[in-house]
Each structure stands twice: as structure tokens, then as C-alpha cells.
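Coordinates in review
Listed below, chain by chain, are the residues.
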Amino acid sequence: MNKVINGKRYNTETAKLIATATSIHPRNDFQYWEEELYVKNTGEYFIYGWGNADSRYAVSAGYNTRTGSERIMPITESEARAWAEDHLLADEFEKHFDITPEDYVIQSVTMSANLNQIVREVAAEEGSSISAIVTEALEKFFN
């Protein structure tokens, strides 16, 4: 499939196919869908997906009628990583995406008042930042 979206060309013939995912339904089932994750030579990611009349790719075909369809969806690198984590085994994932301690960044952490106070005290004693203390703890946890 070849499509221009927001002035950028997405072409399944020229981009590198990373992986394919399919639904659990048989191919002839109305709910069947298939997705392919691609990366362009510019480093941009996109998903090409298609599905039958009762899948996530279904479109209206008139009054109370749906049919299967296909589409290309540009995605960010973080969305591509999330898609790959959902659909690939670890070895396949590592072929396409790096895994480093920086990948374990906590985007939103809610600490109890006691834990928050302990982390602040440790940071003050060591002359370090709270972020550095949390990063060190995560590296110890994941290694």
C-alpha cells in the first residue's frame, strides 16, 4: 500500500517490515485483522493494517452495513516500541530496538509520604538528586 499522509509518503513496498501481528480469529472470521509494523529509511514508523467487516479496520458500507478495509497509520518511535513489546518475543524486539537502563524511565510515580521522605533524606545525605537515587534503585532492580 502506498499512501500520502500529512505530506509524507508511506509505502509498504519501500519501507522495512519489522513484524506482523494477527488476531486470534481465523482469517475468514469477520473479526480477523492483521497489522504490519514498518520503519522508513528516514526512521519514521508506521503500521499497515487491514481487517474484515467486524474488525478494528471495518468501515461503514451504507445503512447498518460494514465491510473490511485497510489503512496506514504513522506512529511515533515510542508507539512502535510499545506495539513491538505487545507483539514480539524478546529476541525479535532486541533486533530492532535497543534495551538500556534508560528505557526503564518512570513517567509517573506516586510515592507514599514515608517513602518520599526516605528518598529525600538519602538524597540529602549523599548530596545527590532524588532523580539520581531513583535511577540507581531502578538500575539495581533491573540488573
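The following paragraphs examine the structure supplied in this document. (Residues numbered from 1 in each chain as written. Predicted model: local features only at pLDDT ≥ 70, side-chain atom pairs only at ≥ 80, totals over all residues. Heavy atoms only, no water.)

**Focus on the pattern of salt bridges**
- Considering all chains together, one arrives at five salt bridges under this definition.
- We note a salt bridge from Arg27 to Glu34, for which the minimum N-O separation is 3.2 Å.
- The exposed category is assigned to Arg27, whose relative accessible area is 53%.
- Glu92 is paired through a salt bridge with Lys95; the nearest N and O atoms lie 2.8 Å apart. Here Lys95 and Glu92 lie together in helix H2 (residues 90-96), a separation of three residues that amounts to about one turn.
- One salt-bridge network, held together by shared partners, links Lys8, Lys40 and Glu44. (Salt bridge = Lys/Arg side-chain N within 4 Å of Asp/Glu carboxyl O. Buried < 20%, exposed > 50% of the residue type's maximum accessible area, 1.4 Å probe, protein only. Helix = DSSP H or I, 4+ residues; strand = E, 2+ residues; numbered from the N terminus.)

**Some thoughts on the sheet that holds strand E8 (residues 69-75)**
- Pairing within the open sheet is antiparallel, and its four strands lie in the order E3-E4-E5-E8. The open sheet has two edge strands, strand E3 (16-22) and E8, and neither has a second partner. Each strand axis lies, on average, 20° off the axis of its neighbour in the sheet, ignoring direction.
- As paired strands, E3 and strand E4 (residues 33-39) are joined by six bridges and run antiparallel to one another. Considered in E4, the bridge of Lys16 is made with Val39.
- Seen against the sheet, helix H1 (residues 77-87) touches E3, E4, strand E5 (45-51) and E8 and runs at an angle of roughly 130° to E4. (Pairing = 2+ DSSP bridges. Axes fitted to C-alpha atoms, helices over the stretch in contact; angles between N-to-C directions. Contact = heavy atoms within 4.5 Å.)

**Remarks on H1**
- Listing the buried residues of H1 in full gives Ala80, Arg81, Trp83 and Ala84. The buried side chains of H1 occupy one side of the element, clustering within an arc of 165° when seen end-on. Residues Ser78, Glu85 and Asp86 are exposed on H1 and point more than 90 degrees away from its buried face.
- Contacts made by the buried residues of H1 are with E3, E4, E5, E8 and H2. (Arc of directions from axis to C-beta.)

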